[in-house]
Amino acid sequence: QVQLAESGGGLAQAGGSLRLSCAASGRTPTPYCMGWFRQAPGKEREFVAAISRGGVNIVYGNSVKGRFTVSRDNDKNTVYLKMNDLKPEDTAVYYCAGGSAPASAFENARRYEYWGQGTQVTVSS
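For clarity, every value in this text was computed on a predicted model and none was experimentally measured.

Asker: How should I be thinking about the overall build of the protein chain in this particular structure?
Answerer: From N to C terminus, the protein chain includes 0 helices and 11 strands. Mapped from its N terminus to its C terminus, the protein chain presents α and β elements in the order β-β-β-β-β-β-β-β-β-β-β. Compactness check: the protein chain gives a C-alpha radius of gyration of 13 Å against a globular reference of 14 Å for 125 residues, within 12% of the reference. Across its three principal axes, the protein chain shows a C-alpha extent of roughly 40 × 25 × 25 Å. Taken over 125 residues, the protein chain has a buried fraction of 43%. Excluding contacts between residues fewer than 6 apart, the proportion of contacts in the protein chain whose partners are at least 24 apart in sequence is 58%. When the accessible surface of the protein chain is totalled, it reaches about 6300 Å², and 45% of it is carbon and sulfur. Separation between the mean location of the 14 positive side-chain charges and that of the 10 negative ones in the protein chain comes to 3 Å.

And the structure:
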């Protein structure tokens, strides 16, 4: 089993930045694919970004391309999501997920086996 714990959420102003962290514990090595999803009230869960273990494969959701950057430090068993130029529509609960999905399936939430509890990100206008 792998446990995932997100941190770094909070309140930011539009145009500001936040960095989320997701620490993995339990079974090693950490899952091949580590991803971020988000869900706003009344909306479906949305793919944000994902990265393979070696960092060779990285995929972003269309709504965050050019603004968000995903990275991982395998020595620390941690994946990061740096969010720049935040917009009010980025407000959501952000979830970290881990699994063995290939890059072609990074956006498919059902391919992830492990999920964190989520961290709230609120962007004010």
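From this point, the discussion proceeds with the structure in view.
Asker: Is there a simple way to think about the nonpolar core in this case?
Answerer: Soluble globular proteins tend to bury their nonpolar side chains together. If you look at the biggest cluster of nonpolar residues, it comprises 26 residues, and the most contacted ones within it are Trp 36, Leu 81, Met 83 and Tyr 94. Residue assignment for this core shows that the elements contributing at least two residues are strand 1 (2-7), strand 3 (18-26), strand 4 (33-39), strand 5 (46-52), strand 7 (68-73), strand 8 (78-83), strand 9 (92-99) and strand 11 (119-124). Take this core: its biggest share by element is 4 residues, from strand 3. If you look at the next biggest cluster of nonpolar residues, it comprises 10 residues, including Ala 101, Phe 106, Ala 109 and Tyr 112.

Criteria and thresholds
- Residues numbered from 1 in each chain as written.
- Predicted model: local features only at pLDDT ≥ 70, side-chain atom pairs only at ≥ 80, totals over all residues.
- Heavy atoms only, no water.
- Helix = DSSP H or I, 4+ residues; strand = E, 2+ residues; numbered from the N terminus.
- Rg over C-alpha atoms; globule rule 2.2 N^0.38 Å.
- Buried < 20%, exposed > 50% of the residue type's maximum accessible area, 1.4 Å probe, protein only.
- Contact = heavy atoms within 4.5 Å.
- Areas by Shrake-Rupley, 256 points an atom, 1.4 Å probe, with all protein chains shown as cover.
- Lys, Arg positive; Asp, Glu negative; His and termini not counted.
- Charge placed at Lys NZ, Arg CZ, Asp CG, Glu CD.
- Core = buried A, V, L, I, M, F, W, Y, C linked by side-chain atoms within 4.5 Å.

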